[in-house]
Amino acid sequence: MSEQTIALVTGANKGIGYEIAAGLGMTVGVGARDAQRGEEAVAKLRANGVDAFFVPLDVTDDDSVQAAVALLEERFGRLDVLVNNAAIAGAWPAAPSAATPENLREVLETNVIGVVRVTNAMLPLLARSARPRIVNQSSHLASLTLQTNPEVEFGEVNGTYTPAKTFLNALTVQYAKELTNIKVNAVCPGYVATDLNGFQGTSTPADGAKAAIRLATLPDDGPTGGLFDDAGTVPW
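Residues numbered from 1 in each chain as written. Predicted model: local features only at pLDDT ≥ 70, side-chain atom pairs only at ≥ 80, totals over all residues. Heavy atoms only, no water.

Enquirer: Even after reading the chapter, I still don't get the nonpolar core, so can you show me in this structure?
Expert: Inside soluble globular proteins, nonpolar side chains tend to come together where they are buried. Within the largest apolar cluster, 30 residues are counted, with the highest numbers of intra-cluster contacts made by I20, L24 and V28. Beyond its immediate stretch of four places on either side in the chain, I20 contacts V9, V83, N85, Q137, A209, A212 and I213. With 25 residues, the next largest nonpolar core counts V55, L79, L82 and Y175 among its residues. (Core = buried A, V, L, I, M, F, W, Y, C linked by side-chain atoms within 4.5 Å. Buried < 20%, exposed > 50% of the residue type's maximum accessible area, 1.4 Å probe, protein only. Contact = heavy atoms within 4.5 Å.)

Enquirer: Explanation requested: the packing of aromatic side chains in the structure shown.
Expert: Between two aromatic rings, the relevant description is the distance of the centres plus the angle of the planes. Going through the model one piece at a time under the given rule, you end up with 1 aromatic pair. With a centroid separation of 5.3 Å and 45° between ring planes, the pair formed by F53 and F76 is classed as tilted. One end of the pair, F53, is in strand β3 (residues 52–56); the other, F76, is in the loop between α3 (62–75) and β4 (81–84), and 23 residues separate them in sequence. Relative accessible area serves as the criterion here: at 18%, F76 is assigned to the buried category. Stacked on the ring of F53, the Lys or Arg R75 has its end atom at 4.5 Å from the ring centre. (Phe/Tyr/Trp six-rings, centres within 6.5 Å; stacked < 30°, edge-to-face > 60°. Helix = DSSP H or I, 4+ residues; strand = E, 2+ residues; numbered from the N terminus. Lys NZ or Arg CZ within 6 Å of the ring centre and 35° of its normal.)

Dropping the structure here:
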């Protein structure tokens, strides 16, 4: 990576996103919908030696995303790393038979369409990077192989969040096939204690950020189009 590597992490004011921003070792844009929380996160990161700046960003809003592109264009003229971390849990638990179309649309708007909206808007900036990287925050829940293994227990059946992450995995593969000049991968952080799951996880946000940081800093001979966690490759 170059001496100054520019990254953008969506949903970075708290949880795993914050820890990814903290651990990248880059000039990092902290994407957040809430200005106060975003600025507070940036202040905390900067106090800890991170070269961070706030990027007002709602991944569900076209104007907000375009404003983020304009900010990065004006300040740096390029983007080296994009971490699509922003996500919502939606109604939980929500078995497929109980889920409504509105439930599903809400989750897809942030967790899938939001990723497409941000990624496509940032591609011109990523194209100016010598070593561009895209990391999509996925989940072990998204693995059809694991979901259909009777020896793997994932708890409550879910008809919105879980299939949305599977959709995101499929998009990751397609982006990697198209964007052969960019390393595009999905990552499973593990069962992390965040407000997404009511802090019921068994690992810390800092632990959950490690695999994403590794994928964001891949060497030139690193993989693309894969799903990974701390232990390595996760089956689709």
